[in-house]
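# Observations on chain architecture
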Amino acid sequence: MVKELCLICYRTISDPMCADCHIKHVLIWLKSTNIKKSVKTEMLKEFKKKVHYDALNEGECVVCYKGEVNICYYCFCKKFSNQLQKTKEGKPYLEEFNNIFNYSIMSDTNEK
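Given the structure is predicted, the values throughout are model-derived calculations rather than measurements.

Along the chain, Phe47 turns up in helix H2 (residues 37–51). In this structure, the C-alpha to C-alpha distance between Phe47 and Phe76, residues 29 residues apart in sequence, is 9.8 Å. In this view, Phe47 contacts Ile23, Phe76, Lys79, Phe80 and Gln83; residues no more than four positions away in its chain are not counted.

Our focus in this paragraph is the environment of Leu44. Among the secondary structure elements, Leu44 is positioned in helix H2. Its relative accessible area of 10% is what places Leu44 among the buried residues. Linking Leu44 and Leu30, residues 14 residues apart in sequence, is a C-alpha distance of 10.0 Å. Setting aside anything within four residues of it in sequence, one finds Leu44 in contact with Ile23, Leu27, Leu30 and Phe80.

Moving on, we get to the nonpolar core. Trp29, Phe76, Phe80, Leu84 and Phe97 are the most contacted members of the largest nonpolar core, which totals 27 residues. Among the secondary structure elements, those contributing two or more residues to this core are helix H1 (19–31), H2, helix H3 (73–86) and helix H4 (94–100). Ranked by residue count, the leading element in this core is H3, at six residues. Residue contacts for Phe97: discarding those within four places in its chain leaves Val26, Trp29, Cys77, Phe80, Ser81, Leu84 and Asn102.

Where H1 contacts H3, the axes come no closer than 11 Å and their chain directions differ by 45 degrees. Between H1 and H3, the interaxial angle falls into the category oblique. In the crossing of H1 with H3, the sense of the turn from one axis to the other is right-handed. Between H1 and H3, the contacting residues are Ala19, His22, Ile23, Val26, Trp29 and Leu30 on the first element and Tyr73, Phe76, Phe80 and Leu84 on the second.

A few words on H2. Look at H2: 21 Å from first C-alpha to last across 15 residues, which is about the 21 Å you get at 1.5 Å a residue. Where H2 is buried, its residues contact H1 and H3.

This paragraph deals with the packing of H1 against H2. Relative to each other, H1 and H2 sit at 160 degrees, their axes nearing to 12 Å. One element, H1, and the other, H2, form an angle in the roughly antiparallel class. Helix-helix and strand crossings are classified by hand; for H1 and H2 the assignment is right-handed. Contacts between H1 and H2 involve Ala19, Ile23, Leu27, Leu30 and Lys31 from the first element and Lys40, Leu44, Phe47, Lys48 and Val51 from the second. Looking at the contact of H1 with H2 residue by residue, the classes come out as seven nonpolar, no polar and three charged.

What counts and how
- Residues numbered from 1 in each chain as written.
- Predicted model: local features only at pLDDT ≥ 70, side-chain atom pairs only at ≥ 80, totals over all residues.
- Heavy atoms only, no water.
- Helix = DSSP H or I, 4+ residues; strand = E, 2+ residues; numbered from the N terminus.
- Contact = heavy atoms within 4.5 Å.
- Buried < 20%, exposed > 50% of the residue type's maximum accessible area, 1.4 Å probe, protein only.
- Core = buried A, V, L, I, M, F, W, Y, C linked by side-chain atoms within 4.5 Å.
- Axes fitted to C-alpha atoms, helices over the stretch in contact; angles between N-to-C directions.
- Parallel < 35°, antiparallel > 145°, perpendicular 65-115°, else oblique.
- Left-handed = near helix turned anticlockwise from the far one by under 90°.
- Expected span 1.5 Å × (residues − 1).
- Nonpolar A, V, L, I, M, F, W, Y, C, P; charged D, E, K, R; others polar.

Fair warning: the whole summary comes from geometry, so function is off the table for now.
Set out below in C-alpha cells:
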C-alpha cells in the first residue's frame, strides 16, 4: 500500500478523504450556525481555493472513491480554522468548530 503524503505538512495521510468530502462535512456543520448565508458562501469560495491542489498522490478518497487525496485532516482543519478567524461572523464559532472537528486536540500533537 502506497502511503499518501499531505502536500502541506508532508506527513502521511491516515484518513484519505478528498477536499470536497472534507468540505461537505464542514457544510453540514455550517448549516447549524447563524452565520449569514452570503458570508458562508464567500468564506467557502475563498476556502476552496486554499485546499484544492494538483494531486501528486495516487490514492482516492475513501468516501466518494473519486476525489484525489492531497491534504490531511489536520491541515484541512487548520486552514478552515484560519478562515473562520478572518471573518467577524466566524470568530464566535471558532471554538465550536475546533471542538467538533477535534482540531484543538490534533494541534497539540501535530505541531512541528
